[in-house]
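Residue-level listing of the chains:
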Amino acid sequence: WLSYHSELILKAFTGNTNADSVVPHKFQHSIKARFLRFVPLVWNPNGRIGMRVEVYGCSYKSDVADFDGRSSLLYRFNQKSMSTVKDVISLKFKSMQGDGVLLHGEGQRGDYITLELRRGKLLLHISLGDNKLRSSNSHTSISLGSLLDDQHWHSVLIERFNKQVNFTVDKHTQHFRVKGESDYLNIDYELSFGGIPVPGKPGAFLKKNFHGCIENLYYNGINIIDLAKRRKPQIYTVGNVTFLCSEPQVVPITFLSSSSSYLLLPDSPQIDGLSVSFQFRTWNRDGLLLSTQLYENLGTLLVYLTDGTLKLVHQKSTKGHDELSTGTNLNDGLWHSVSLIGRRHRISITLDNDIASSVHATTAAQIYSGTSYYFGGCPPNISDSGCVNPISAFQGCMRLIFIDSQPKDLSLVQQGTLGNFSDLQIDLCGIRDRCLPNYCEHSGECSQSWNTFYCDCTGTGYTGATCHDSIYEQSCEAYRHMGNASDFYFIDSDGSGPLDPIRVFCNMTEDKVWTVMYHNNTEVNRVRGSNLEKPYSMHFSYSSGSMEQLQAVINSAEQCNQETSYHCKKSRLLNTPNGEPFTWWVGRTNEKQTYWGGSIPGIQQCACGFEENCIDVRYFCNCDADKEEWTNDTGLLSYKDHLPVTQIVIGDTNRKNSEAAFRIGPLRCYGDRNFWNAASFNTEASYLHFPTFHAELSADISFFFKTTTSTGVFLENLGIKDYIQVELRSPTEVVFSFDVGNGPFEVSVKSPTPLNDNQWHYVRAERNVKEASLLVDQFPERKKETPSDGHFRLQLNSQLFVGRCTAREKSFCNGLRSMFTAFIKYSTGRGTGVWRGVGPGCPGHCSSYGKLCHNGGKCIERHNDYVCDCSSSAYDGPFCKKEVSAFFENGTSVTYFLPEPYPVTRNLSSQSSAIYADAVQPRENVAFDFKTVHVPSLLFYVSSHHQEYMAVILSKNGSLEVQYKTNRKQDPYAFLIDSASFADGQLHRVKINREGRELYVQVDQFHRVKYSLSSDTEFHVNKFLVLGKVLDSTDMDSEVMKANSRGFVGCLSSVQYNHVAPLKVALRHPSATPVNVKGRLLESNCGASVAADLNTITTTHSLSDLSGKTDEREPLANAISSDSAVIGGVIAVVIFITLCVIAIMIRLLYQHKETKKRSSETKEKGYTENLDCSLRNDIDLQNAVSECKKEYFI
């Protein structure tokens, strides 16, 4: 018997409550059956027992063939071979066997088609026209269905047209494309049904035959079984095929509960031993199968599953036990047979009738069977029954139970005349495959138990109960918002959608966050010898991902571009003004594009033509002037619908002295149209509504909100009975609720602090067929499991309302941002949805995210986001976290003149305001990092014109000394920190704070030390600050003068004095008024050069840019070598160091000569050395992957 289900729920039909009324019901799908059985659940308590039922149906034609596992039907063609371009095969079958061939045909060219049952699943194998018979790369195999050996009818439909195939089993369809060389299926001689007979060997078959019944078997409109019944000559019968489906008298039972299910079967004790056999199937790894107490206190025999392995345990009445095990992975849902035999002093157990699987044990006493056999579990009163269960009860199905070689009629158990039972379904196997269909998303691997399924998301890039949640952010903007630095990241543009994550480079060094996607050739490429008849062509494949993934990134971005460079010598580009273009490119639309970078679609021009500054005004591209000298056309393609570039075609380089070189840069996008996408709900009547939210099986909703109201509905969507809603129920509680037909279901998160604090808060809600979850900010995520059996499809039909519910109550006020539902991104900008009292944008980003600006950086509010102003910080970068460091040579001096106090609100630029922002402070706050091996050294010095100063000195023994002199008539205060030697070549952090008389000093991770001054006198005005060597040492104290003899040789980083960053000003604005730099000051990276020898000069890039201007008139160089600039740089450094050692006294003169030499070399090499570096500086430095500037430590 098979129970009727509606949406996988056991359907209960309500009846009448009086004698006359009629209650009609309609089935969701038609039913084909021989018998109907009605099971009353509840009788009318006020009336008598009685029921009248009428069933309405229609006639049904059935042609059935019964195969006994040793037979088949052969349909022979009228000609030698049948060649078809279209096939339709349909049939129904039922079987108790999990393996067997239903259909097979093959041809000599390697074509074949096979439909077979394997382990309870249907497999379709097909190959078209491959000469290599069944080559591994030519055949296609598709698996569909599960548990098809359940003795119920299953329908199969195979539809093929050319290479496209639709394969349907019951209600599940798989669409696929067949491999092979042709569109024809060539079958020789015949098709076989029920098995694959061996030619010339009657009764022999290549594979296991089908054992069961096939009904209404049609091949391309031909009724095969009808032909066989009428004994037509096209049909040849092998073995015994009958045309009436036999019904085996097998009564299965289902154990429903893992705690209370059991079946008790009594039997008479046997003196000649014990014999029990049965079949079982389950998904659970553990469960008791059999427990029986042997006669005369000989102990208990237990058969149970543990971790998918079958175990036989003989628990003796005395201490000790014997244990046997066999088989693995027996919880695979298939039928397995168990045979237990005890004779005299020997016990053996056999699995699946396989003699090789038999295991044996010897007992001291002779085996006698008992009187009671407990299958599946034990009753509650275990002590009285003698049943033993060391593990959980069995959940699954059993059948064909034999005791002492006699079958047990389980229908007698149902009638109450045999044995006893609890929590069983008799005459029904209720197993179901919870992994069909597979609800694990993104290729997650499904496994299951009797009650539920599990998803293994390993290696998918997703997580969650159904592998729904991406572990990656949706854009580089989101990574930046988290405080991440420039690097390669995976981004998932559609979140939980079907597209896989892609790997991109996120460049966060600029004001805008750039997403960079590279292709297979970003180098400069030389082209010669091409014309329109035989053009040069190059295809670009992007390592980031597929075109669909790239398109998702482009669509989410605010703007994208891709640089195109065409360097030409007597090689025309677009052949303007009116000619057919010689060069074109192809984008993602696969259309020929005849505009170049810097122009716009529909205009056959280059950037110079669009800007009207070409070298020859008669043409719209520089290269179209067809000059003998090198020139170029370079610009940015920025029309998003055409990007990225996938191909370039060049056709004018075959004339004399004609040559070209091109470069297609990486695809670069900035901005996230959804991350800062915000709307303001200004009144209680404000709302947005969008089309219906379709997410039947899984739904996720995420957004940011800020509000001052105590309650409100964020969003709601209704169906006839179903709904989904997210609301702020109280100032401290967010609730996610929905109903899929099982009643309302809620998940809530309570915050310890109010959420209506006008700060941005994050909400993410998700529901799937397994569970519902709700996350608010960084609080622990709340999860609740949904019912494993019940309705699970969310069916909505109204509009999605955002900001209020349909009842116009509990409307939401204030702001929402970055709203995502499932993998749909809802734009809260104008032009989408329907607006009622809602405005675009929502100010106040800095109130929530200002903490992301570190080290004194200031958060600046913008329309759709914020930016960190680092002008008054010693650090740099998008979040003021990047260290600004420099290497000081012997004699290098940086003097910063501190201004007199005056208002800083006068009209100055941002740079100037940062430079002059410092006024006289009642305290000193000093912080810097240093690294050196030279002692003594003067690390930091600040002084007034009245011989008052503060100095940080590294003493001869490596200890740190802080000196304070606040009165020129008194000796300085000296404070010594000697916890370690700090002249060890390692980076050390120093923090000094003075508040009146209290002085606090902290070095690295050591405890903060407090010192006291006798006076809280402030420094007088007109101070100056020195890093490195103090050049004017007049009136300097002796101890400071000794440390200043060499100044400081080493690395200083992130120097901050009150609100001034003197080192940053010296590096970024060396010509600014308050700073004076003497000697060589080299920007470096203190943290990355720990192992460098600080006794030598570190050759890093200096403040002056030594790269020469590119001569665009010279030919290409990088096509030969991309590293010549680096090699030349290394040689120049070695020469420079050698000359410094030999002629230190004439160093200034040498530097002058070296400058001349480099200038001369630049002119000689010209375009050969600098074109590639220029291209890289223009493009790759923006991507933070530059190869033209490198650091070397020698």
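Procedures and definitions
- Residues numbered from 1 in each chain as written.
- Predicted model: local features only at pLDDT ≥ 70, side-chain atom pairs only at ≥ 80, totals over all residues.
- Heavy atoms only, no water.
- Helix = DSSP H or I, 4+ residues; strand = E, 2+ residues; numbered from the N terminus.
- Buried < 20%, exposed > 50% of the residue type's maximum accessible area, 1.4 Å probe, protein only.
- Contact = heavy atoms within 4.5 Å.
- Areas by Shrake-Rupley, 256 points an atom, 1.4 Å probe, with all protein chains shown as cover.
- Pairing = 2+ DSSP bridges.
- Disulfide = S-S within 2.5 Å.
- Phe/Tyr/Trp six-rings, centres within 6.5 Å; stacked < 30°, edge-to-face > 60°.
- Lys NZ or Arg CZ within 6 Å of the ring centre and 35° of its normal.
- Axes fitted to C-alpha atoms, helices over the stretch in contact; angles between N-to-C directions.
- Patch = residues over 30% accessible without salt bridge, like charges linked within 9 Å, V, L, I, M, F, W, Y side chains within 5 Å.
- Salt bridge = Lys/Arg side-chain N within 4 Å of Asp/Glu carboxyl O.
- Core = buried A, V, L, I, M, F, W, Y, C linked by side-chain atoms within 4.5 Å.
- Polar contact = N/O pair within 3.5 Å; in protein donor to acceptor, adjacent residues only side chain to side chain.

## Let's talk about the overall build of the protein
Item 1. Per the secondary structure count, the protein includes 13 helices and 83 strands.
Item 2. A total of 1194 residues make up the protein; the buried ones form 51% of that total.
Item 3. The contacts in the protein between residues at least 6 apart in sequence include a share of 67% that link residues at least 24 apart.
Item 4. Here the protein has roughly 56,500 Å² of accessible surface; of this, 50% comes from carbon and sulfur atoms.

## Thoughts on the environment of Lys 858
Item 1. Here Lys 858 is to be found in strand S66 (residues 858-861).
Item 2. Residue classification places Lys 858 among the exposed residues on the basis of a relative accessible area of 53%.
Item 3. Each C-alpha atom, one on Lys 858 and one on Cys 870, is 6.5 Å from the other, the two residues being 12 residues apart in sequence.
Item 4. Excluding residues within four positions of it along the chain, Lys 858 makes contact with Cys 853, Val 867, Cys 868 and Asp 869.

## Topic: the pairing of strand S40 (residues 502-507)
Side chains on a regular strand alternate between the two faces of the sheet.
Item 1. Of all the six residues making up S40, five are buried; the element is thus mostly covered by neighbouring parts of the structure.
Item 2. Note: strand S39 (residues 487-491) against S40, five bridges, orientation antiparallel. Across the sheet, the residue bridging to Phe 488 is Phe 505, located in S40.
Item 3. Across three bridges, the pairing between S40 and strand S41 (residues 514-517) is antiparallel.

## Some words on the state of the cysteines
Disulfide: a covalent bond connecting the sulfur atoms of a pair of cysteines.
Item 1. For the structure on display, the rule yields 14 disulfides.
Item 2. Cys 606 shares a disulfide with Cys 621; S-S distance 2.0 Å. Residues Cys 606 and Cys 621 are joined by a disulfide whose S-S torsion is about 85°; by sign, that bridge is right-handed. Here Cys 606, found in the loop between strand S46 (592-593) and helix H6 (607-611), pairs with Cys 621, found in the loop between H6 and strand S47 (631-637); they are 15 residues apart in sequence, far enough to count as distant. Each of the two residues, Cys 606 as well as Cys 621, counts as buried.
Item 3. Each disulfide pairs two cysteine sulfurs, and for Cys 1051 the partner residue is Cys 1086, the sulfurs being separated by 1.8 Å. With the S-S bond torsion at -90°, the cross-link from Cys 1051 to Cys 1086 turns out left-handed. Placement of Cys 1051 in strand S81 (residues 1050-1057) and of Cys 1086 in the loop between strand S83 (1081-1084) and helix H11 (1124-1142) is noted, with a sequence separation of 35 residues between them.

## Notes on the packing of aromatic side chains
Both the distance between ring centres and the angle between the ring planes are used here to describe each pair of aromatic rings.
Item 1. Scanning the entire structure with this criterion turns up 32 aromatic pairs.
Item 2. For the ring pair Phe 13 and Phe 27, a centre distance of 6.1 Å and an interplane angle of 80° mean the geometry is edge-to-face. You can see Phe 13 sitting in the loop between strand S2 (9-10) and strand S3 (64-68) and its partner Phe 27 sitting in the loop between S2 and S3, a full 14 residues away along the chain.
Item 3. Take Phe 13: its relative accessible area is 39%, and that puts it in the partly exposed class.
Item 4. Accessibility expressed as a relative area gives 43% for Phe 27, which makes it partly exposed.
Item 5. Directly above the aromatic system of Tyr 236 lies the positively charged group of Arg 76, at a separation of 4.7 Å from the ring centroid.
Item 6. Sitting over the ring of Tyr 1000, Arg 1008 keeps its end group 4.1 Å from the ring centre.

## Describing the sheet that holds S83
Item 1. On the basis of which strands lie adjacent, the open sheet formed by seven strands has the order S79-S78-S77-S72-S81-S70-S83 and antiparallel pairing. If you trace the sheet from one side to the other, it starts and ends with strand S79 (1009-1012) and S83, each paired once. On average, adjacent strands in this sheet sit at an angle of 25° to one another, irrespective of strand direction.
Item 2. Summarising the sheet, strand S70 (residues 885-888) and S83 pair through four bridges and their orientation is antiparallel. Across the sheet, residue Ala 886 finds its bridge partner in S83, namely Glu 1083.

## Focus on a nonpolar patch on the surface
Item 1. A cluster of nonpolar side chains, contributed by Phe 13, Phe 27, Ile 31, Leu 36, Phe 38, Trp 43, Ile 49, Met 51, Val 53 and Val 55, occupies part of the molecular surface with about 990 Å² of accessible area.
Item 2. Tracing the sequence through the fold places Ile 49 in the loop between S2 and S3.

## Notes on the pattern of salt bridges
Item 1. Summed over the entire model, instances satisfying the criterion amount to 40 salt bridges.
Item 2. Residues Arg 37 and Asp 427 are paired through a salt bridge, measuring 3.9 Å at the closest nitrogen-oxygen approach. In this pair, Arg 37 is assigned in the loop between S2 and S3 and Asp 427 in the loop between strand S34 (424-426) and strand S35 (445-448), connecting sequence segments 390 residues apart.
Item 3. Overall, Asp 427 belongs to the buried group, its relative accessible area being 17%.
Item 4. Between Arg 160 and Asp 87 there is a salt bridge; the shortest N-O distance is 2.8 Å. Of this pair, Arg 160 sits in strand S10 (residues 154-161) while Asp 87 sits in strand S5 (residues 86-95), and the two are 73 residues apart along the sequence.
Item 5. Members of the salt-bridge network, linked through shared partners, are Lys 570, Arg 572, Asp 626, Glu 628, Asp 652 and Arg 655.

## Section: the side chain of Thr 466
Item 1. Topologically, Thr 466 is positioned in the loop between strand S37 (462-463) and strand S38 (469-470).
Item 2. When neighbours within four sequence positions are excluded, Thr 466 is seen to be in contact with Tyr 439, Cys 440, Glu 441, Phe 453, Cys 455, Glu 766, Asn 768 and Val 769.

## Quick notes on the nonpolar core
Side chains of a nonpolar character, in soluble globular proteins, are inclined to be buried together.
Item 1. Among the nonpolar cores identified, the biggest contains 44 residues, and Phe 928, Phe 930, Phe 940 and Leu 960 are the most heavily contacted of them.
Item 2. Considering each element in turn, this core owes the most residues, four residues, to helix H10 (residues 1062-1068).
Item 3. Every residue in contact with Phe 940, bar those within four places of it in the chain, is listed here: Val 926, Phe 928, Met 950, Ala 951, Val 952, Leu 1025, Val 1026, Leu 1027, Val 1055 and Tyr 1057.
Item 4. By size, the runner-up hydrophobic cluster in this structure holds 42 residues, among which are Ile 89, Leu 122, Leu 144 and Ile 158.

## Observations concerning the environment of Ser 873
Item 1. With respect to the helices and strands, Ser 873 occurs in the loop between strand S67 (866-869) and strand S68 (875-876).
Item 2. Classification of Ser 873 as buried rests on a relative accessible area of 0%.
Item 3. As a C-alpha pair, Ser 873 and His 1059 span 186 residues in sequence and 7.3 Å in three-dimensional space.
Item 4. A distance of 3.0 Å separates a polar atom in the side chain of Ser 873 from the backbone nitrogen of Tyr 875.

## Looking at the sheet that holds strand S80 (residues 1024-1028)
Item 1. As summarised here, the arrangement of the seven strands in space is S76-S75-S74-S73-S80-S71-S82, forming an open sheet in which the pairing is antiparallel. In the strand order of this sheet, the two ends are held by strand S76 (973-977) and strand S82 (1075-1078), each with one partner. For this sheet, the mean angle separating the axes of adjacent strands, direction not counted, is 10°.
Item 2. Pairing between strand S74 (residues 949-954) and strand S75 (residues 960-965): six bridges, direction antiparallel. Pairing of Met 950 across the sheet is with Tyr 964, part of S75.

In short, geometric facts, not functional conclusions.
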